[in-house]
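# Per-entry structural report
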Amino acid sequence: MSSSIQRRLDELLSPYGFQCNPFRIHWYNAVVQPCFHLQYPGDTLAFIVLSTPQMFEKAFKPFLTIRQLQGVRDPIDECVAHYFSLVRKNFPDQRIVTIHDFELLPNRRPKVLVQSAAHVAGAAYYYQMKDVQQNPWGAKKIYGVCIHPRYGGWFAIRGVLIFPDVQDPSLEQTLPVDCVSTEEKRIELLNRFNFHWQDWTYRDIIDVEERYSEEQRQYFATRPAERFKLLEQKSDR
Ligand code: B12
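The structure contained in this document is the topic of the report that follows. (Residues numbered from 1 in each chain as written. Predicted model: local features only at pLDDT ≥ 70, side-chain atom pairs only at ≥ 80, totals over all residues. Heavy atoms only, no water.)

## Describing the pattern of salt bridges
Oppositely charged side chains can form a pair if their charged atoms are brought close together. Considering all chains together, one arrives at 11 salt bridges under this definition. A salt bridge links Asp74 to Arg227, with the shortest nitrogen-to-oxygen separation between them at 3.7 Å. Placement of Asp74 in the loop between α3 (55-66) and α4 (75-90) and of Arg227 in helix α8 (residues 224-236) is noted, with a sequence separation of 153 residues between them. For Asp74, a relative accessible area of 24% puts it in the partly exposed group. Arg223 serves as the salt-bridge partner of Glu226, at 3.8 Å between the closest nitrogen and oxygen. With a relative accessible area of 28%, Glu226 lands in the partly exposed category. (Salt bridge = Lys/Arg side-chain N within 4 Å of Asp/Glu carboxyl O. Helix = DSSP H or I, 4+ residues; strand = E, 2+ residues; numbered from the N terminus. Buried < 20%, exposed > 50% of the residue type's maximum accessible area, 1.4 Å probe, protein only.)

## Examining the state of the cysteines
Covalently bonding the sulfur atom of one cysteine to the sulfur atom of another cysteine gives a disulfide. Counted according to the given criterion, the structure contains zero disulfides. No disulfide involves Cys20; its sulfur sits 14 Å from the nearest other cysteine sulfur, which is in Cys79. When its relative accessible area of 5% is taken as the criterion, Cys20 is described as buried. Free cysteine Cys179: the closest other cysteine sulfur is in Cys146, separated by 10.0 Å. (Disulfide = S-S within 2.5 Å.)

## A few points about the pairing of strand β2 (residues 44-51)
Burial runs high along β2: eight of the eight residues are buried. For strand β1 (residues 18-24) and β2, the ladder comprises seven bridges, and the chain directions are antiparallel. Bridge pairing links Asn21 to Ile48 in β2. The sheet contact formed by β2 and strand β6 (residues 156-167) spans eight bridges and is antiparallel. Within β6, the residue paired with Leu50 across the bridge is Ile157. (Pairing = 2+ DSSP bridges.)

## Examining the site of the ligand
The environment of the ligand is formed by 25 residues, the closest being Gln33, Asp101, Tyr126, Gln128 and Cys146. Between the ligand and the protein, one listed contact pairs a nitrogen atom with a backbone N or O atom of Asn194 at 3.1 Å. Only α5 (114-120), β5 (145-147), β6 and α6 (183-195) provide two or more residues apiece to the shell around the ligand. Among the elements that make up the shell around the ligand, the one with the highest residue count is α5 (four residues). Taken together, the residues that form the shell around the ligand break down as 17 nonpolar, six polar and two charged. (Near = heavy atom within 4 Å. Polar contact = N/O pair within 3.5 Å; in protein donor to acceptor, adjacent residues only side chain to side chain. Nonpolar A, V, L, I, M, F, W, Y, C, P; charged D, E, K, R; others polar.)

Functional significance is not addressed by these values, which are geometric in nature.
Dropping the structure here:
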């Protein structure tokens, strides 16, 4: 069951530059604290959805031509929501719960920790402080970062798709590729992500197959409030 859903999801979303990897809810709940648990039976099928460098050209730019931006939400978030609704339309006989990376619970906690989900689904290794043996940071709070074996840090984790009516105890777990395997590199990665994230060098911690295009870089380098203006200027041309 899950392999046929995976196939249909791939056919639908990969042409738009999205990548989907399946996981069982139990794998996620086993690593996060109870306050972050997803309240579904352990064998429930879910997918983590990543945007690859191509999403900007293959999904976002075409989306801008068909949709008048509302101006209320981030245009990229609106675009991802559009493609999630396309998934729902293409699975009319399935109940699908979608959770975006930006969604919060009433207590302001994120509804889903997409990095942990990406790791347990085998999509991208989540490097955290505990992956480094000698701790050079003391009591400082150090944020973790996922690294994709093909795109390094040139991707984003957009959300999860949960199929509450599909239980798949036979789905086997794939471990993520440990592409930043030495202690020195892991320290360098966490330093770059925490203290120099604006220069984007954390994204190139490994050799990558593909990066964001010039236009995409310019878009993300622009302050969110200015991005609408940038898009308007582009559509004037
Ligand atoms: C809140 C938030 C922030 C906050 C706080 C960051 C934080 N990590 O807490 C701030 C504003 C600082 C921030 C900044 C940035 N962020 Co931010 N942020 C988030 C957000 C929305 C939630 C993160 C969160 O609250 N985590 C809560 C803590 C408690 O989770 P945790 O530390 O992972 O702890 C869990 C794990 O340790 C797990 N666990 C325990 N043991 C084990 C063992 C294993 C094996 C595993 C897998 C898990 C696991 O259990 C813990 C929970 O109980 C996520 C999207 C999302 N929904 O997940 C993006 C996200 C983490 N951010 C992201 C990015 C890129 C950034 C920025 C670079 C800015 C940007 N958007 O370009 C900066 C970089 C950080 C910096 N130097 O400031 C990306 C990271 C992508 C990646 N490759 O990993 C995410 C995933 C967004 C996305 N859509 O892709 N962010």
